[in-house]
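Report on the structure
The chain contents come next:
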Amino acid sequence: MEFLKDLWDFMKVRKKYWLTPIVLTLLLVAVLAIFGQGQTVAPFIYTIF
């Protein structure tokens, strides 16, 4: 969580708010990859890529 706080502070100080959707999308894909180890979510992950 320290990394996310540092990243948010960086975006706030440098006024790089356009990075927020990119970071959120990457986090969402990471969560899908971690919890999608079962076969239930696998077809949805394949359709994204």
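Residues numbered from 1 in each chain as written. Predicted model: local features only at pLDDT ≥ 70, side-chain atom pairs only at ≥ 80, totals over all residues. Heavy atoms only, no water.

**Concerning the packing of aromatic side chains**
For the record, the criterion: Here the aromatic set is Phe, Tyr and Trp, taking the six-membered ring for Trp, and pairing holds for ring centres within 6.5 Å; pairs whose planes are under 30 degrees apart are stacked, those over 60 apart are edge-to-face, and all others are tilted. Three exposure classes are used, based on accessible area relative to the maximum for each residue type with a 1.4 Å probe and protein chains only: buried under 20%, partly exposed in between, and exposed over 50%.
As enumerated under the stated definition, the model contains 1 aromatic pair in all. Ring plane angle 55° and centroid distance 6.2 Å describe the contact between Trp 8 and Tyr 17, whose orientation is recorded as tilted. By relative accessible area, Trp 8 is classed as partly exposed at 40%.

**Description of a nonpolar patch on the surface**
Our working rule: Exposure above 30% relative accessible area and the lack of any salt bridge qualify a residue for a patch; like charges then connect within 9 Å, and the nonpolar side chains Val, Leu, Ile, Met, Phe, Trp and Tyr within 5 Å. In short, Shrake-Rupley with a 1.4 Å probe defines the accessible areas, and a residue's cover is counted only from the protein chains shown. In the sections that follow, a salt bridge refers to a side-chain nitrogen of Lys or Arg positioned within 4 Å of a carboxyl oxygen of Asp or Glu. Numbered from the N terminus, helices here are DSSP runs of H or I no shorter than four residues, and strands are runs of E no shorter than two.
A surface patch of nonpolar side chains, about 570 Å² in accessible area, is lined by Met 1, Phe 3, Leu 4, Leu 24 and Leu 27. Considering the arrangement of structural elements, one finds Leu 24 in helix α2 (residues 20-35).

**Observations concerning unusual backbone geometry**
Most peptide bonds take the trans form, and the phi angle of most residues other than glycine is negative. We note that Lys 15 has phi near 60°; this positive angle belongs to a residue other than glycine. For Lys 15, the location among the structural elements is in the loop between α1 (2-14) and α2. Lys 15 sits in the exposed class, given a relative accessible area of 60%.

**Focus: the confidence of the model for the protein**
For the record, the criterion: As a per-residue measure, pLDDT tells how confident the predictor is, with possible values from 0 to 100.
In the predicted model, the protein carries a mean pLDDT of 79, and 73% of its residues have values of at least 70. Between the elements of the protein, mean pLDDT differs from a low of 68, seen in helix α3 (residues 42-48), to a high of 87, seen in α1.

**Details of α1**
What counts is decided by this rule: The span one expects for a helix is its residue count, reduced by one, times 1.5 Å.
A rise of 1.5 Å per residue sets the reference length of α1, with its 13 residues, at 18 Å; its end C-alpha atoms lie 18 Å apart and thus fit the reference within 8%. Positive backbone phi, at 60°, marks Lys 15, one or two positions downstream of α1.

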